[in-house]
Structures are given as C-alpha cells and as structure tokens.
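Structural features, examined
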Amino acid sequence: DRKSATLRAVRYGDVALLLRAMTHVNTYENALRALGVPFVTVAGRGYYGRQEVRDLLNLLQALYTPSDDLALAAALRSPLFGLSDDALYALRLPRAHNAPVPPLWDVLHAVDSHPLLPVEQAERVRFAARTLSGLRQRSGRVSIAELLRAALHETGFLAALSALPDGDQRRGNVEKLMQKALIGGRVSLPDFVAYLRDMSAREVHEGDAALDAGDAVQVMTIHKSKGLEFPVVALAETSSTPSRMDRAAFSLEGLACKVIDENGESKNETQSYAWRRLKHVTAAREDAEQRRLLYVAMTRAADVLLVTAALSRKKDGE
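A few points on the structure. (Residues numbered from 1 in each chain as written. Predicted model: local features only at pLDDT ≥ 70, side-chain atom pairs only at ≥ 80, totals over all residues. Heavy atoms only, no water.)

A few words on the overall build of the chain. Within the chain, the secondary structure is distributed over 12 helices and 8 strands. By residue count, 39% of the 318 residues in the chain fall in the buried class. Residue pairs in contact within the chain that sit at least 24 positions apart in sequence constitute 71% of those at least 6 positions apart. Of the roughly 18,500 Å² of accessible surface on the chain, a fraction of 53% belongs to carbon and sulfur atoms. (Helix = DSSP H or I, 4+ residues; strand = E, 2+ residues; numbered from the N terminus. Buried < 20%, exposed > 50% of the residue type's maximum accessible area, 1.4 Å probe, protein only. Contact = heavy atoms within 4.5 Å. Areas by Shrake-Rupley, 256 points an atom, 1.4 Å probe, with all protein chains shown as cover.)

Below is the structure:
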C-alpha cells in the first residue's frame, strides 16, 4: 500500500523527528549519531551551550582574564589545543611540597619544569603558550572577528570540528559566532565576552546555525514544525507526564497552597478548596495544550506518522 511504499523509498531528508521540547535533544542526537543517521537540529534551544561555541567563549575569557584558570583549562582541553587530562593534571601539580600552585597561564610558559608532563604533550603545551600569548597581544588592537579568525587559523579548530560527528553543524555554529563578532564591529573584548556570557547565563532560546538539511533527518520542536509538512514524521516523548504541582502554586486564578497538619507531618497535608480548584484548572489547561500540540504534530505527516511512547510495568506484570 501507499505507506509501505513510502517507507521502502524513504530518504533521511523526508523524515522529521518532532519533540515537545529541546530538553532531551542530546539523547536523540547521540542515538542518531550512533546509528550513523545524518541529521540537522533545526532552531533548537541551547546554541550558546554548544560545545564548540563554549570552547571559543572560554578562549576569549582566558585572553581577557588570564587568571581565570577554569576558562583557560577548558580552552586547553578543547580541540583548540587538545591537551589531555594527564597534561592538565601535571601542570597543576605544585613544584614543591606545600608550595602554592601558580596561575595556569604562568605555568604554561614553564613547561620544562614539570617532569610529570607526558612527553607527547610537551610540544602541545609549548604551542598553546605561544599561540595564547600571540592572541593576547593582538586583543584590543584588532576587532573581535579578526581575533577569532586568527585563533581559528592558528589552531586549525575548524578542521578539527570537521572530523567530529555532526561536523557541518559544528562549523556552522562557529561561523555564526563569527557573524555575531562581525556585526559587533570593533566591540571591546570584555564587552563581547560579557555579552556572550549573559546570553549563555540567560539560556537564550537561539537555534543552531541554519544548514541545508539535504538528505538528513530534521530534528525540531513541534512548535517549530508549524506550517511544514514531511512525508514521514516521528513523534517522540508522547508518554511523558506533565509536571506535578508543589506545595504552593500560583496562576491567574490566584495563589494556593497545601496545609501541613499540626504535627508538621507533610504526609498528612490537607488540600484546601483553593488548592483543589487550582489543580483542576491547571490540569484542564495542560490537557488542552497537550491535545493542541498533538494535533499540530500529527498533521505534519503527509504519508506516515510514527508515534513512540515508553511503557512502564507494574508489579503484577500489567
């Protein structure tokens, strides 16, 4: 029949994986990578949390504040410089018993004084020290875009990303960061770092750089799929349950809370009328929203709709 024929002839580019939210998108991305299925995450949440973006953010932070050992260590451990955990550990060991540990930035330039540093990592450490010193000398004299371009060129960061799973998406995210730096013009390094840190801390809902999906599964939220249509739609997370109300809750109907008994026992909490009313209204509102989302998701499929769910088993085996 039509559905069987569609599944036999399906291309990855004909498939959309729809999620209610991007909370667990990494789980699906990792599963697709493990199966060797090409995919593109469309306008998902967490652009500033992408590892390649964080690597460059840590690099800029280390150039702006060399005393920030955490940002510097993260940049050194990233594909920018590729230091191993053993190398970082060796660099942080005190040179003498009970001696204070100097800043990591200073230690980088004294690599020969660390006998426990793995031999194969010594040249990487020297390269990192030279590169970071050169970039820091340029900061403040060139634009942020030029500084990033120099960092990418000297470290071969883009080539390293290309060799990783989902390399095209990673490169696209880096190029998107470059565009942000270009738009900012000659914004100072501290201002640009503060801007990116602020966006990251506020978890701005900004998607990955747009890529040509080509023959790749498109991963997106149900909201993002509005107005689109795909031959095959896989709808995930249909069995997840709404969040439970805590002991206190607030909505347009007002404020309500549970009442603990006179002995302070939470197990004997009393549900007041206001609480029961708010619980009923909230449940009805959530049910209507879930039905609306389900309708939007199901109507995105032109030929085949795959609905997935997780089942739990009770003690009696049901």
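Glancing now at the nonpolar core. Ranked by size, the top nonpolar core spans 48 residues in total, and within it Leu56, Leu59, Leu76 and Leu132 carry the most contacts. Each residue touching Leu56, except ones within four places of it in the same chain, is listed here: Leu80, Leu148, Leu152, Phe157, Val174 and Leu177. In this structure, Leu19, Leu32, Val37 and Val219 belong to the second largest nonpolar core, which totals 14 residues. (Core = buried A, V, L, I, M, F, W, Y, C linked by side-chain atoms within 4.5 Å.)

Here we take up the sheet that holds strand S1 (residues 15–19). With parallel pairing, the 5 strands of this open sheet are ordered in space as S2-S3-S1-S4-S8. Of all strands in the sheet, those with a lone pairing partner are strand S2 (39–41) and strand S8 (301–307), marking the two edges. In this sheet, neighbouring strand axes are inclined to one another by 25° on average, regardless of whether the strands run parallel or antiparallel. (Pairing = 2+ DSSP bridges. Axes fitted to C-alpha atoms, helices over the stretch in contact; angles between N-to-C directions.)

Applying the stated rule across the entire model yields 9 salt bridges. Residue Asp85 pairs with Arg77 through a salt bridge whose shortest N-O separation is 2.6 Å. With a relative accessible area of 40%, Arg77 lands in the partly exposed category. Measuring nitrogen to oxygen at the nearest pair gives 3.6 Å for the salt bridge that ties Arg130 to Glu123. Through salt bridges with shared partners, a single ionic network connects Arg11, Asp14 and Asp215. (Salt bridge = Lys/Arg side-chain N within 4 Å of Asp/Glu carboxyl O.)

Time to look at helix H5 (residues 85–92). Among the residues making up H5, those that are buried are Ala87, Leu88, Ala90 and Leu91. The arc that holds the buried residues of H5, viewed along the axis, is 160°, so those residues lie on one side. Facing away from the buried surface of H5 by more than 90 degrees, the exposed residues are Asp86 and Tyr89. Where H5 is buried, its residues contact helix H4 (69–77), helix H6 (104–108) and helix H7 (119–138). (Arc of directions from axis to C-beta.)

Take the environment of Ala302 next. Examined against the element boundaries, Ala302 turns out to sit in strand S8. For Ala302, a relative accessible area of 34% puts it in the partly exposed group. With 72 residues separating them along the chain, Ala302 and Phe230 place their C-alpha atoms 5.8 Å apart.

So, about the pairing of S1. Counting buried positions along S1 gives 5 out of 5 residues, so the element sits mostly inside the fold. By the alternation rule, side chains of S1 split into Val15, Leu17 and Leu19 and Ala16 and Leu18, which are all buried. As judged from the 4 bridges shared by S1 and strand S4 (residues 230–235), these two strands associate in the parallel manner. In the strand pairing of S4, Leu17 is matched with Ala234.

Right, let's talk about H7 for a bit. Given a rise of 1.5 Å per residue, 20 residues ought to cover 28 Å, and the 30 Å separating the end C-alpha atoms of H7 matches this to within 8%. Of all the residues in H7, the buried ones are Gln121, Ala122, Val125, Ala128, Ala129, Thr131, Leu132 and Leu135. Against helix H3 (51–64), H4, H5, H6 and helix H8 (144–155) lie the buried residues of H7. Positive phi shows up at Gly140, right after H7, with a value of about 90°. (Expected span 1.5 Å × (residues − 1).)

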